[in-house]
Amino acid sequence: MKSNKTMGSIYLDFNATTPIDPLVADAMQPYLAEFFGNPSSIHAEGLKAKEKVETARKQVAAMLNSHPDEIIFTSGGTESNNFAIKGIAFANRNKGNHIITSAIEHPSVIEVCHYLEKQGFVITYLPVDKYGSVDSADVEKSINATTILITIMHANNETGTIQPVEEIGRIARKHNVIFHCDAAQSAGKILVDVEKMEVDLLSLAGHKIYAPKGVGCLYIRRGIHPEKLIHGADHEQNLRAGTENVMSLVGFGKACEIITDQRNQSPELTKELTDLLYMEIKEVVPEIKLNGHPEKRLPNTLNISFPGVESSLLIEKMAPVAASAGAACHSGSEVISPVLSAMNVPDNLAMGSIRFSLGRTTKKTEIEKAIPIILNAYQELSRSRISLDLRPLTTGYKLTHYTHGLGCACKIRPQYLERILKELPLSVDPNVLVGLKDPDDAAVFKIDDQTAIVQTVDFFTPVVDDPYDFGAVAAANALSDIYAMGARPSFALSIVGFPEKLLPPEVLKQILLGASDKVSEAGISIIGGHTIEDTEPKFGLVVTGSIDPEKILTNSSAKPGDAIILTKPIGTGILSTGIKRGLVDRVNEKLMIECMARLNKKAAEIMSEFPVNACTDVTGFGLLGHLKEMIVGSHIGAVVEYKAVPILPLTWELAAMNMIPGGTRNNLQFVEDVVEWNDDVPELAKLILADAQTSGGLLITLPTEIAGQFIKRCHSAGIIDAVVIGNFSEGGTIRVQ
């Protein structure tokens with residue numbers, strides 16, 4: 001089998017997906033155009049297709065040691081798991097409602113179990129030991145008179161630990177309980193024999209065994225009758241409606257045939273390469289931790305924790321080696337893997353966990369090339385230097401590759417922060433006009449009857465790759481809070497966190513230059529600051545301004561009937577995430593940077609010409625989060641027209657690709673107690689409206705009758721995105737329609 005990888009890459013992520021085997025591709029080729037018949041048709045073209053579908057069924061059955069009629073084709077492992085668990089649960093509800101699973105199952109099992117809990121089923125989530133293994137004795141102890149299903153995976157997708165499925169199968173058979181096994185990760189790596197395992201249902205996914213994506217199967221033992229999930233015609237023995245994907249099924253069958261033909265070949269070569277990778281890394285970094293069973297583990301899988309670094313940063317740094325931070329299905333998340341948590345891996349080690357998974361095409365030369373790349377990446381990210389002569393630091397720094405989060409998306413969760421702030425003592429100084437008791441992002445201190453000092457601080461990680469642009473965006477973000485209060489900035493102090501072991505001084509110089517030029521545009525200077533050595537670059541400003549105490553604008557003075565005006569488009573957090581992943585073209589990247597770096601100075605000046613009631617800027621808590629602060633502080637409600645909200649180009653497309661900064665979902669949780677959604681509001685729109693924005697526009701409220709004049713004035717001043725997005729009302733909720 002030839003290697004099928006991108007030029008220059010070293011692919012060590014076969015547990016995420018495998019390339020299509022050339023023999024599989026050859027078998028599929030005729031079904032692109034030549035044999036296109038519907039397998040349900042009775043003419044010659046249909047019968048040819050039907051014959052190939054049944055051939056594929058026999059090939060899958062031969063690999064599993066089952067009868068062909070026990071194989072039901074599906075779209076993949078997720079559907080198979082859903083079909084098995086929901087199908088058995090609903091078909092046997094009259095017999096009981098108890099299901100046994102483990103804490104380390106794939107999300108397509110865990111999420112199904114969570115769903116069934118809402119439907120009245122009782123789920124037992126069995127713990128695992130330090131190796132991630134279920135104790136079969138725990139399974140038997142958990143069985144009771146209402147138990148209808150046990151669902152335990154064959155081998156864990158993250159750690160490779162092989163579960164005692166044969167013992168569990170015997171226990172299930174002894175107690176007359178149906179047993180389902182997710183074998184998507186184990187097939188093709190170790191023997192999967194449904195008779196030896198004594199399973200009643202078993203899930204497979206084509207893309208894990210060198211077949212196409214979007215195809216799989218569910219083995220259903222004769223005599224087991226799950227309720228079907230997909231209704232329609234009587235395809236697949238009337239268990240799974242839908243015209244068969246003949247081309248993919250031919251490929252799936254061929255992939256299974258290859259596994260059957262190679263069954264007697266030893267997996268020792270793959271294990272030798274996996275062990276070589278582990279031992280060479282451990283020799284240089286002895287403090288790494290192996291996650292998973294040292295022996296009862298898939299021969300191709302190596303999950304290790306690197307102390308003192310975060311896995312997402314390490315993966316980016318060790319390009320062109322392709323690996324995963326935990327499971328590929330949720331690797332975009334910065335949360336600790338539930339599998340490692342269930343194994344009680346300490347948080348500081350779990351955050352540095354990398355899964356390397358080898359495949360048929362992996363060569364020793366690739367492993368030998370990968371080892372110094374991995375070690376050098378760890379060297380650059382670790383505080384302590386490894387005494388090894390590896391490649392020097394490269395040029396062309398991309399700042400987003402040196403941070404696990406992005407800008408305001410790194411903010412502490414608002415609901416968590418609120419709880420802490422409520423426990424702090426409030427100032428009793430009458431000169432504090434805006435402080436901890438207020439939801440505003442700046443503090444105001446009265447000097448005399450004509451002057452009050454406004455002060456704010458903002459500090460975050462890179463949202464763009466260029467250091468100069470990062471400095472400019474950070475400065476614009478800090479200045480925005482001053483403008484939102486209706487104040488004039490006076491001077492600024494810089495706050496710097498910088499990884500001096502990773503990045504040269506020139507990078508810091510460019511950050512400071514970008515900030516300096518931006519504050520000069522605001523008419524002020526940076527006159528001091530403070531720095532610390534940090535593990536990732538961070539930058540921000542403390543900005544001091546002044547205002548007439550009688551003209552302060554806050555979050556808490558909006559009035560029912562006010563129009564809600566937004567002066568900049570949203571979506572910068574989503575776009576920043578897309579930029580970090582290399583999914584945004586240069587034109588749209590420049591557009592986003594220009595938007596974030598644009599000062600809210602003109603909008604603030606225009607506000608001084610109108611009877612504005614309240615104002616805030618839209619940043620880390622998202623549009624809805626800041627709007628919540630306004631309605632809570634003003635004791636009113638709001639109606640927002642989501643289609644009226646200006647959104648940066650590519651935002652919808654990137655949101656659909658799940659390029660969602662972590663803070664966004666926290667923001668949705670923060671506002672769920674006050675937001676009412678119309679039924680026609682798309683789920684993606686909800687995420688966009690909660691986007692963990694960085695350096696956004698001003699959210700301004702003023703009487704509706706003059707809103708048109710305000711918008712016209714903004715447009716004439718070049719603020720072309722300014723628009724009315726809704727209005728304030730009575731009540732205490734935000735209605736999004």
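The structure displayed is predicted, hence computed values, not measured ones.

A. Just the sheet that holds strand β13 (residues 432-434), in detail. Read from one edge to the other, the open sheet built from six strands follows the order β13-β14-β15-β18-β16-β17, with strand pairing classed as mixed. With partners counted over all chains shown, the strands left at the sheet margins are β13 and β17 (526-533), one partner each. Taking the axes of each pair of neighbouring strands and ignoring which way they run, one obtains an average angle of 20° across the sheet. Relative to β17, strand β16 (residues 488-498) runs parallel, the two sharing seven bridges. Across the sheet, residue valine 496 finds its bridge partner in β17, namely threonine 531. Against the sheet, helix α16 (residues 467-484) engages β15 (452-460), β16 and β18 (538-547), with an angle of about 145° to β15. Lying over the sheet, helix α17 (residues 505-521) contacts β16, β17 and β18, oriented at roughly 170° with respect to β16.

B. Seen up close, the nonpolar core. Counting residues in each nonpolar core, the largest one holds 137 residues, and the members touching the most others are Phe306, Met318, Phe356 and Ile734. In terms of residues, this core owes the most to one element, α16, which gives 11 residues. In this structure phenylalanine 306 touches Ile281, Ile288, Leu314, Gly352, Ile354, Phe356, Ile374 and Tyr378, once residues within four positions along its chain are discounted. Residues Ile143, Met153, Ala255 and Ile259 belong to the second largest nonpolar core, which totals 56 residues.

C. View of the packing of helix α10 (residues 268-284) against helix α14 (residues 364-381). For the pair α10 and α14, interaxial distance at closest approach is 10 Å and the crossing angle is 25°. What the angle tells us is that α10 and α14 run roughly parallel. Seen from above, α10 lies across α14 with right-handed handedness. Here Leu273, Leu276, Leu277, Glu280, Ile281 and Val284 of α10 come into contact with α14, specifically with Lys364, Ile367, Ile371, Ile374 and Leu375. Of the residues assigned to the contact of α10 with α14, the class counts are nine nonpolar, no polar and two charged.

D. Focus on the pattern of salt bridges. Overall, the coordinates contain 27 salt bridges when judged by the stated rule. Between glutamate 45 and lysine 48 there is a salt bridge; the shortest N-O distance is 3.8 Å. Of this pair, glutamate 45 and lysine 48 both sit in helix α2 (residues 44-64), three residues apart, which is roughly one turn of the helix. What makes lysine 48 partly exposed here is its relative accessible area of 38%. The salt bridge involving glutamate 54 is made with arginine 57; its shortest N-O contact spans 2.9 Å. Taken together, the residues glutamate 54 and arginine 57, both in helix α2 and three residues apart, mark about one turn of the helix. Because the salt bridges share partners, they merge into one network encompassing Lys50, Glu54, Arg57 and Glu236.

E. Seen up close, the sheet that holds strand β10 (residues 301-305). Pairing within the open sheet is antiparallel, and its three strands lie in the order β9-β10-β12. The sheet is open, and its two borders are formed by β9 (289-290) and β12 (353-357), each paired with just one other strand. In this sheet, β10 lies alongside β9 in antiparallel orientation, the contact comprising two bridges. Bridging from a neighbouring strand, lysine 289 pairs with serine 305 of β10. Strand contacts of α10: β9, β10 and β12, with the helix running at about 15° to β10, the strand carrying the most contacts.

F. A look at helix α3 (residues 77-91). Between the first and last C-alpha of α3 there are 21 Å, a value that for 15 residues agrees with the 21 Å anticipated at 1.5 Å per step. For α3, the buried fraction is high: 12 of the 15 residues fall into the buried class.

G. Layout of the pairing of strand β21 (residues 637-640). Because side chains alternate across β21, one face comprises the buried residues Gly637 and Val639, and the other comprises Ala638 and Val640, equally buried. As judged from the four bridges shared by β21 and strand β24 (residues 723-729), these two strands associate in the antiparallel manner. Paired with alanine 638 across the bridge in β24 is phenylalanine 728. With three bridges joining them, β21 and strand β25 (residues 734-736) adopt parallel strand pairing.

H. Representation of the packing of aromatic side chains in the model. Per the stated rule, a full pass over the model turns up nine aromatic pairs. The interplanar angle of 45° and the centroid separation of 5.5 Å between the aromatic rings of phenylalanine 306 and tyrosine 378 together place this pair among those described as tilted. Highlighted residues: phenylalanine 306 in the loop between β10 and α11 (311-317) and tyrosine 378 in helix α14, separated in sequence by 72 residues. Classification of phenylalanine 306 as buried rests on a relative accessible area of 0%. Ring plane angle 75° and centroid distance 5.2 Å describe the contact between phenylalanine 610 and phenylalanine 710, whose orientation is recorded as edge-to-face. With a gap of 100 residues between them, phenylalanine 610 in the loop between α20 (601-607) and β20 (614-617) and phenylalanine 710 in helix α25 (residues 707-716) connect regions that are remote in the sequence. Judged by relative accessible area, phenylalanine 710 falls into the buried class, the value being 0%. Three or more aromatic residues link up through ring pairs in this structure, and these residues are Tyr11, Phe14 and Tyr210. In this arrangement the basic side chain of lysine 86 is found over the ring face of tyrosine 115, its NZ or CZ atom lying 4.9 Å from the centre.

I. Highlighting the state of the cysteines. Taken as a whole, this structure holds zero disulfides when the rule is applied. With no disulfide partner, cysteine 181 has as its closest neighbouring cysteine sulfur the one in cysteine 217, 12 Å distant.

J. Geometry of the packing of α16 against α17. Orientation of α16 relative to α17, taken along the N-to-C sense of each, is 40°, at an axis distance of 6 Å. Between α16 and α17, the angle is such that the two are oblique. For the pair α16 and α17, the sense of crossing is right-handed. Between α16, through Pro467, Tyr468, Phe470, Gly471, Ala472, Ala475, Ala476 and Leu479, and α17, the contact on the second element is made entirely by Val507, Gln510, Ile511, Leu513, Gly514, Ala515, Asp517, Lys518 and Val519. Here the contact of α16 with α17 is built from residues that sort into 12 nonpolar, three polar and two charged.

K. Main features of unusual backbone geometry. Look at the link from alanine 319 to proline 320: it is a cis peptide, with omega at 15°. Of note, tyrosine 210 is a non-glycine position whose phi angle comes to about 70°, a positive value. Residue tyrosine 210 is classed as buried on the basis of its relative accessible area of 8%. One non-glycine residue, glutamate 236, lies in positive phi territory at about 50°. For glutamate 236, the location among the structural elements is in helix α8 (residues 235-238). Given the relative accessible area of 5%, glutamate 236 is considered buried.

L. Looking closely at a nonpolar patch on the surface. A cluster of nonpolar side chains, Phe491, Leu493 and Ile527, forms an exposed patch at the surface whose accessible area comes to about 250 Å². You can see isoleucine 527 is positioned in strand β17. Judged by its relative accessible area of 57%, isoleucine 527 falls in the exposed class.

M. Region of the structure containing the confidence of the model for the protein. When the pLDDT values of the protein are averaged, the result is 89; 92% of them are 70 or greater. Below pLDDT 50 for its whole length, residues 327-333 participates in nine contacts with residues either more than four positions away or in separate chains. Contacts of residues 384-395 to residues separated by more than four positions or lying in other chains number 24 contacts, the stretch itself having pLDDT below 50.

Cut-offs and rules
Residues numbered from 1 in each chain as written. Predicted model: local features only at pLDDT ≥ 70, side-chain atom pairs only at ≥ 80, totals over all residues. Heavy atoms only, no water. Pairing = 2+ DSSP bridges. Helix = DSSP H or I, 4+ residues; strand = E, 2+ residues; numbered from the N terminus. Axes fitted to C-alpha atoms, helices over the stretch in contact; angles between N-to-C directions. Contact = heavy atoms within 4.5 Å. Core = buried A, V, L, I, M, F, W, Y, C linked by side-chain atoms within 4.5 Å. Buried < 20%, exposed > 50% of the residue type's maximum accessible area, 1.4 Å probe, protein only. Parallel < 35°, antiparallel > 145°, perpendicular 65-115°, else oblique. Left-handed = near helix turned anticlockwise from the far one by under 90°. Nonpolar A, V, L, I, M, F, W, Y, C, P; charged D, E, K, R; others polar. Salt bridge = Lys/Arg side-chain N within 4 Å of Asp/Glu carboxyl O. Expected span 1.5 Å × (residues − 1). Phe/Tyr/Trp six-rings, centres within 6.5 Å; stacked < 30°, edge-to-face > 60°. Lys NZ or Arg CZ within 6 Å of the ring centre and 35° of its normal. Disulfide = S-S within 2.5 Å. Patch = residues over 30% accessible without salt bridge, like charges linked within 9 Å, V, L, I, M, F, W, Y side chains within 5 Å. Areas by Shrake-Rupley, 256 points an atom, 1.4 Å probe, with all protein chains shown as cover. pLDDT = per-residue confidence, 0-100.

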